[in-house]
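What follows is the residue order along each chain.
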Amino acid sequence: MTALVTGAAKGIGKEYALQLAAKGYDLVLVDKDPSVLEAAAEIGASGVAARAIVSDLARIDAAQEIYDDVVSHGESIDILVNNAGEFSFRDIVNVTVETVNRTITLHDITLTHMNRLFAKDMAERGGGHILNMSSYSIWMPLPGVALYSASKAYVKSFSTAFSKEVRDKGIYVTAICPAGVATDLYGLSPKFQALGLKTGALITPKACARRALRALFRHRRCSVPDWWNRLWIPLLTHLPNWLENLIHRKTLKFQK
């Protein structure tokens, strides 16, 4: 059995790889960061086969290139984890064209093609699992995250509908919508990450990956790690305008 994990050089992606390796899966790790080669070597030392592909997935042809690479190595992917992502915190009028194109391509276009290409092979073999990383921010369309939250909302919507299309083919698709996770994605310093963990505002990458994989193997179409985060969703979708405006004013200095 083989799993492919994108964004696997560090953080949640590496945790996915480590936990899948512990379950006996061979690994194909994909990341634009060359340190993914070290991650593959580390995981390979545990006794499973692990190889790395260094690739920037924020390109139109990236998914096809990854698929062709896997086919050329004679690998059959049983679990696909689309974890790669980038975060931008800035009002949309101040976001560069490059950032817009990269975010939408990475989160939506590449992810869609990865699902399409690998699900077709899974269907021919009788089944498989696909995990797509959405975000809790889809219920928090606040100033500064218009691009990020909208692109992640697509992931959730696509995953839910796609899971219904391929269910009778033995393929299970899950969208994971984690809230704060103690990684470098948001640009938080180690000090603030530690504070977030201590207060419960953040969870560890290990915990996030464990709960996400549990939801995947339980065949849930969408899952929000941690029950207390689910409780806040109805409130977040009905924030008053005055509060959103206050948040905007207070966060302008942090946007970059």
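Keep in mind that this is a model prediction, so the values were computed, not measured. (Residues numbered from 1 in each chain as written. Predicted model: local features only at pLDDT ≥ 70, side-chain atom pairs only at ≥ 80, totals over all residues. Heavy atoms only, no water.)

### Remarks on the overall build of the protein chain
- For the protein chain, the helix and strand inventory stands at nine helices and seven strands.
- Buried residues in the protein chain amount to 50% of all 256 residues.
- Pairs at least 24 apart in sequence give 68% of the contacts found in the protein chain among residues at least 6 apart. (Helix = DSSP H or I, 4+ residues; strand = E, 2+ residues; numbered from the N terminus. Buried < 20%, exposed > 50% of the residue type's maximum accessible area, 1.4 Å probe, protein only. Contact = heavy atoms within 4.5 Å.)

### Focus on the environment of Leu27
- With respect to the secondary-structure elements, Leu27 resides in strand β2 (residues 26-31).
- For the pair Leu27 and Thr2, spaced 25 residues apart in the sequence, the C-alpha separation amounts to 5.6 Å.
- In this view, Leu27 contacts Ala3, Val5, Ala17, Leu20, Ala21, Val48, Ala49, Ala50 and Arg51; residues no more than four positions away in its chain are not counted.

### Side note on the packing of aromatic side chains
- Applying the stated rule across the entire model yields five aromatic pairs.
- An angle of 65 degrees between the planes, with centres 5.9 Å apart, marks the rings of Tyr136 and Trp139 as edge-to-face.
- Under the relative-accessibility criterion, Tyr136 is labelled buried at 6%.
- Residue classification places Trp139 among the buried residues on the basis of a relative accessible area of 17%.
- A network of ring pairs unites the aromatic residues Tyr154, Phe158 and Phe162 as a single cluster. (Phe/Tyr/Trp six-rings, centres within 6.5 Å; stacked < 30°, edge-to-face > 60°.)

### What to know about the nonpolar core
- If you look at the biggest cluster of nonpolar residues, it comprises 30 residues, and the most contacted ones within it are Val5, Tyr16, Leu20, Leu27, Leu29 and Leu131.
- Secondary-structure elements contributing two or more residues to this core are β1 (2-6), α1 (11-22), β2, α2 (36-44), β4 (79-82), β5 (128-133) and α7 (205-217).
- For this core, the element with the most residues is α7, which contributes six residues.
- If you look at the next biggest cluster of nonpolar residues, it comprises 28 residues, including Leu4, Val28, Leu106 and Val166. (Core = buried A, V, L, I, M, F, W, Y, C linked by side-chain atoms within 4.5 Å.)

### Examining α7
- With 13 residues, α7 extends 18 Å from end C-alpha to end C-alpha; this agrees with the ideal 18 Å at 1.5 Å per step.
- Of all the residues in α7, the buried ones are Pro205, Ala207, Cys208, Ala209, Ala212, Leu213, Ala215 and Leu216. (Expected span 1.5 Å × (residues − 1).)

### A short note on unusual backbone geometry
- One non-glycine residue, His219, lies in positive phi territory at about 65 degrees.
- On the secondary structure map, His219 appears in the loop between α7 and β7 (222-223).
- Look at His219 and you get partly exposed, because its relative accessible area is 37%.

### Quick word on the sheet that holds strand β6 (residues 171-176)
- As summarised here, the arrangement of the seven strands in space is β3-β2-β1-β4-β5-β6-β7, forming an open sheet in which the pairing is parallel. Only two strands of the sheet have a single neighbouring strand rather than two, namely β3 (50-54) and β7.
- Bridge count for β4 against β5 is four bridges, and the pairing is parallel. Within the sheet, the bridge partner assigned to Ile79 lies in β5 and is His129.
- Sitting on the sheet, α2 touches β2 and β3, and the angle it makes with β3 is about 175 degrees. (Pairing = 2+ DSSP bridges. Axes fitted to C-alpha atoms, helices over the stretch in contact; angles between N-to-C directions.)

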